[in-house]
Amino acid sequence: MEVLQNGFAKFATITKPIEVPLTNGNGTINHLNLITETEDLSNMDPSRAFVNKVKRLIVKVGTAVVTRSDGRLALGRLGALCEQLKDLNLQGYEVILVTSGAVGLGRQRLRYRKLANSSFSDLQKPQGDLDGKACAAVGQSSLMALYDTMFSQLDVTSSQLLVNDGFFRDSGFRKQLSDTITSLLESKVIPIFNENDAVSTRKAPYEDSSGIFWDNDSLAGLLALELKADLLVLLSDVEGLYSGPPSDPNSKLIHTYIKEKHQREVTFGDKSRLGRGGMTAKVNAAVCAAHAGIPVIITSGYATDNIIRVLQGEKIGTVFHRDAHLWKNIKEESAHEMAVAARNSSRRLQALKSEERRKILLAVADALEKNQNMIMLENQADVAVAVAAGYDKSLISRLTLKPEKISSLAKSVRVLADMEEPIGQILKRTELADELVLEKISCPLGVLLIIFESRPDALVQIAALAIRSGNGLLLKGGKEARRSNAVLHKVITSAIPDTVSGKLIGLVTSRDEIPDLLKLDDVIDLVVPRGSNKLVSQIKESTRIPVLGHADGICHVYVDKSANIEMAKQIVRDAKTDYPAACNAMETLLVHKDLCNGGLNELILELQREGVQIYGGPKASAVLNISEASSLHHEYSSLACTIEIVEDVFVAIDHINKHGSAHTECIVTEDSEVAETFLSQVDSAAVFHNASTRFCDGARFGLGAEVGISTSRIHARGPVGVEGLLTKKWILRGNGQVVDGDRGVSYTYKEQLIEA
């Protein structure tokens, strides 16, 4: 390693990063012991565990993030950046910002100024490029003025520090720099660093071999070491470091950079379109900083919350860490090995006696109640983040776990424990021939992959169903419930005995792992997606594994001419407003034409009193003079619905079978013959007479819980509980019989009584 005057090491070059840590003034190795030995990471992804210890962080924002493609400032991204730094400042983090963008911004402003002052003849002449140092001088003042304005609006004070690489040769400067930054951070001021390109003596980037840093990326890495940061975040215009060009669909995001593995595999494209750096410079800076003990994450600055997400431990971006080569490559192993471990554990679970499986569920229920405070603490953290992010009230309501909800979950687990043993039930017994008996018995499907929405209570229900049905389970919950899901998973798996293993239930932490899991049709037996129409459709198109679920929840209520209008009003109101975002909420109201002069108006007024926005089908929009619905196959998932007028029950049935999603339908009528016609001819998973569509639910059906609602016609249909997670197998008991062309067998086919 080349050591410059005063014992300060050159930080990096574009071609060969420093291979050893920096030295201190005495020439001895100076490591920052953020994670110097392997910590207890058994319940965490080690590639993100270090964020729990972060106090001081440096954020470097690149030119491509600060400016748009035309050189103008990207005000939205800058605003989001400042808001994140403000939030971290308020939470007690010591935040230091290193920013690029001055040269690009200055060039854009000077070009405009030159154009404004040019004559027509000047415009006919070839235009030379603007002086970069002049661009830096003009752009720097504009950039800092904008930061100052934005931070002032957020009640945050910022400060500017312009530096050159030569400054760092002076040990007195370095000492004063550290003291100044400490004083600023103690006053809750955010220091903003930039290389002073306007007066730089460097002839060209990377040309001066005695330079200590080359650009703002290497400056950020240098400052991370000098100022003893706990984490360096480099914000780029892509999600992180990829195995190939980010635009190539075959390229994969590298979650953890391991130099020995990736240095020769990764190729870099061009440098930044406006700045001097690019991904090559970022990787060089990250490798050097990480080698000296500072963890680094490269991630996208285009997202509005990536710094917050990094500090919450989410697996985003690319991590550089000194101990990365000691970690297991979790992403590469988790997909296949997690599924195999779940299958092996499920087989051990199936081998237990019925009472032993029951005791596991009772232990899970007890663990939920015992750990209620811990569960609520993690859930409250999720809720606080969701509120701060501006999520709507319905999502926050689904996300929130209150004491009574946890008690209810524990109760539902005990209900499942007390259900009749579902595994190994003899469904049919037939004597095929003398002393040759065939049995059809129930057995688990195998391994389930459940991708569910931001409802942490769903994790408990699904896990309990998997245990009761003897299945292995892989879970991927919504990111909004990350902490809640993690603590619930920990509580539940801690109640599973070692003879089975907590690996029976795996928690998938990154959506990047889902494509790999969907390829495992040799290990995973069923995928159940619970989420948006887009999610379900994408999964169905992306896997050969059977998918159980529904892409749409377009439920209908048909009010017949013989309906009791007061009953109809009550059912319609409940079906639409009890939980508008639910998949079993009414989305279309069909009304018999004879009710146009009375009952229809009462139904509309009932919905409007509840704040429901009403749209019409072709007939209703003309009769009622209301806006026409964009489609008759539309799921609002909100306080809105479509109304259409139909001739009779047969037209209503045709409408539902044509425009519905085969989920849940209801008829309100006092005519039993009409009701039976509707119940028998509507081709949906659930069809009701004089009852709200909201009853289509596993718990309300007495199934204990549900993994979801299926609209398929193969295997399970409707709410899927324990029975829907079972399949059958055939057991044949004989006494030496052989087929031998069926010459020696006399078939009797006698059905035998199955004892209770």
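Note that the coordinates shown come from a computational prediction; the quantities given were computed from them, not determined experimentally. (Residues numbered from 1 in each chain as written. Predicted model: local features only at pLDDT ≥ 70, side-chain atom pairs only at ≥ 80, totals over all residues. Heavy atoms only, no water.)

**A look at the sheet that holds strand β14 (residues 526–529)**
The strands that make up a sheet pair up through hydrogen bonds in the backbone, lying either parallel or antiparallel. As a reminder, the rule being used: Note on pairing: DSSP must find at least two bridges between two strands before they are called paired. By the criteria applied, helices consist of DSSP H or I runs no shorter than four residues and strands consist of E runs no shorter than two, each listed in order from the N terminus. All axes are obtained by fitting lines to C-alpha atoms, using only the stretch in contact for helices, and the reported angles, taken between N-to-C directions, cover 0 to 180 degrees.
Strand order in this open sheet of four strands is β13-β12-β11-β14, and the pairing throughout is parallel. With partners counted over all chains shown, the strands left at the sheet margins are β13 (505–507) and β14, one partner each. Going across the sheet, the axis of each strand differs from the next one's by a mean of 15°, ignoring polarity. Bridge analysis of strand β12 (residues 472–476) against β13 gives three bridges, and the strand direction is parallel. Following the sheet pairing, Leu-473 is matched in β13 by Ile-505.

**Focus on the sheet that holds strand β10 (residues 436–444)**
In spatial order, the strands read β23-β10-β9-β24; together these four strands make up an open sheet with antiparallel pairing. On the outer flanks of this sheet lie β23 (726–733) and β24 (747–751), each paired with one strand and no other. Along the sheet, successive strands turn relative to each other by an average axial angle of 25°, direction set aside. Relative to β24, strand β9 (residues 426–433) runs antiparallel, the two being bridged by three bridges. Residue Glu-431 lies in a different strand from β24, and its bridge partner there is Lys-750.

**Some remarks on unusual backbone geometry**
The criterion, for reference: Buried means the residue's accessible area, taken with a 1.4 Å probe over protein chains only, is under 20% of the maximum for its type, while exposed means over 50%, and partly exposed covers the values in between.
Positive phi, normally seen in glycine, also occurs at Asp-155, with a value near 60°. Locating Asp-155 in the fold gives a position in the loop between α6 (132–153) and β3 (158–163). Among the residues examined, Asp-155 registers a relative accessible area of 73% and is labelled exposed. With phi around 55°, Lys-228 is a residue other than glycine that occupies positive phi space. Along the chain, Lys-228 turns up in the loop between α8 (216–226) and β5 (231–236).

**Things to note about the packing of helix α17 (residues 456–469) against helix α18 (residues 482–494)**
Note the cut-off: An angle below 35 degrees is read as roughly parallel, one above 145 as roughly antiparallel, one from 65 to 115 as roughly perpendicular, and any other as oblique. In a left-handed crossing the near helix is turned counterclockwise from the far helix by less than a right angle, and in a right-handed crossing that turn is clockwise. Note on contacts: a residue pair qualifies if any of its non-hydrogen atoms lie within 4.5 Å across the two residues. Polar here means any residue outside two lists: the nonpolar Ala, Val, Leu, Ile, Met, Phe, Trp, Tyr, Cys and Pro, and the charged Asp, Glu, Lys and Arg; Gly therefore counts as polar.
α18 packs onto α17 with a crossing angle of 25° between their chain directions and a minimal axis gap of 9 Å. In terms of orientation, α17 lies roughly parallel with respect to α18. Relative to α18, the crossing made by α17 is right-handed. Two secondary-structure elements touch here, α17 through Pro-456, Leu-459, Val-460 and Ala-463 and α18 through Ser-484, Asn-485, Leu-488, His-489 and Ile-492. Partitioned by chemical class, the residues of the contact of α17 with α18 number six nonpolar, three polar and no charged.

**A few points about the confidence of the model for the protein**
The test is simple: The predictor attaches a confidence to each residue, and that confidence, scored 0 to 100, is pLDDT.
For the protein, per-residue confidence averages 83 on the pLDDT scale, and 85% of positions sit at 70 or higher. Every residue in residues 1–44 is under pLDDT 50, and counting partners more than four places away or in other chains gives 101 contacts. The low-confidence segment residues 270–277 (pLDDT under 50) makes 26 contacts with residues lying over four places distant or belonging to another chain.

**A few points about the packing of aromatic side chains**
For the record, the criterion: The criterion for an aromatic pair is that two Phe, Tyr or Trp rings (for Trp, the six-membered ring) have centres within 6.5 Å, with stacked assigned to planes under 30 degrees apart, edge-to-face to planes over 60 apart and tilted to the rest. In this scheme, the term charge over a ring applies when either NZ of a lysine or CZ of an arginine sits within 6 Å of the ring centre and within 35 degrees of the ring normal.
Scanning the model with the defined rule gives eight aromatic pairs in all. Seen in terms of ring centroids, Tyr-257 and Phe-320 are 4.7 Å apart; in terms of plane orientation they differ by 25°. Their pairing is stacked. With Tyr-257 in strand β6 (residues 256–257) and Phe-320 in strand β8 (residues 318–320), this pair connects stretches of sequence that are 63 residues apart. Ring geometry for Tyr-747 and Tyr-749: centres 5.5 Å apart, planes at 10°, overall stacked. Note on Tyr-749: relative accessible area 54%, which makes it exposed. The structure contains a cluster of three or more aromatic residues connected by ring pairs, namely Phe-167, Phe-168 and Phe-173. Above the face of the Tyr-302 ring, Arg-77 is positioned so that its terminal group lies 4.0 Å from the ring centre.

**A few points about the environment of Ile-190**
Looking at the secondary structure, you find Ile-190 in strand β4 (residues 190–195). Put simply, Ile-190 and Val-95 are 95 residues apart on the chain and 6.0 Å apart in space, counted from C-alpha to C-alpha.

**Things to note about helix α22 (residues 599–609)**
Put simply, the rule is: Of all possible arcs, the one meant is that of the directions from the helix axis to the C-beta atoms.
Every buried residue of α22 is accounted for by Gly-599, Leu-600, Leu-603, Ile-604, Glu-606 and Leu-607. Looking straight down α22, one finds its buried side chains confined to an arc of 160°; they lie on one side. Elements that come into contact with the buried residues of α22 comprise β15 (555–559), α21 (565–577), β16 (586–592), β17 (613–616), α23 (618–624) and β18 (640–646). Gly-611 sits one or two positions beyond α22 and adopts a positive phi of about 80°.

**Points about the state of the cysteines**
The condition is simple: Here, a disulfide means two cysteine sulfur atoms that sit within 2.5 Å of each other.
Tallying each qualifying case throughout the model produces zero disulfides. A disulfide-free cysteine, Cys-555 has its sulfur positioned 6.8 Å from the sulfur of Cys-583, the nearest such atom. The buried category is assigned to Cys-555, whose relative accessible area is 0%. Cys-696 forms no disulfide, and the closest cysteine sulfur to it belongs to Cys-583, at a distance of 7.1 Å.

**Thoughts on helix α10 (residues 279–291)**
Here is the rule: To estimate the expected span of a helix, subtract one from its residue number and multiply by 1.5 Å.
For α10, with 13 residues, the first-to-last C-alpha span of 18 Å sits near the 18 Å given by 1.5 Å per residue. With eleven of its 13 residues buried, α10 lies for the most part within the structure. Every buried residue of α10 is listed here: Met-279, Ala-281, Lys-282, Val-283, Asn-284, Ala-285, Ala-286, Val-287, Cys-288, Ala-289 and Ala-290. Backbone geometry just downstream of α10 places Gly-293 in the positive-phi region, at approximately 105°.

**Looking at the side chain of Asn-471**
Rule in force here: Each polar contact in these results corresponds to two N or O atoms within 3.5 Å; when the atoms are within protein, one needs to be able to donate a hydrogen and the other to accept it, and residues that are neighboring in sequence are counted only if both atoms are side-chain atoms.
Within the fold, Asn-471 resides in the loop between α17 and β12. A residue is classified by how much of its surface remains accessible, and Asn-471, at 0% relative accessible area, is buried. A polar side-chain atom of Asn-471 sits 2.7 Å from a polar atom in the side chain of Ser-469. A polar contact of 3.0 Å, which involves the side chain of Asn-471, links it to the backbone oxygen of Leu-725. When near neighbours in sequence (up to four residues on either side) are disregarded, Asn-471 contacts Ser-346, Pro-444, Leu-445, Gly-446, Leu-448, Ala-466, Leu-504 and Leu-725.

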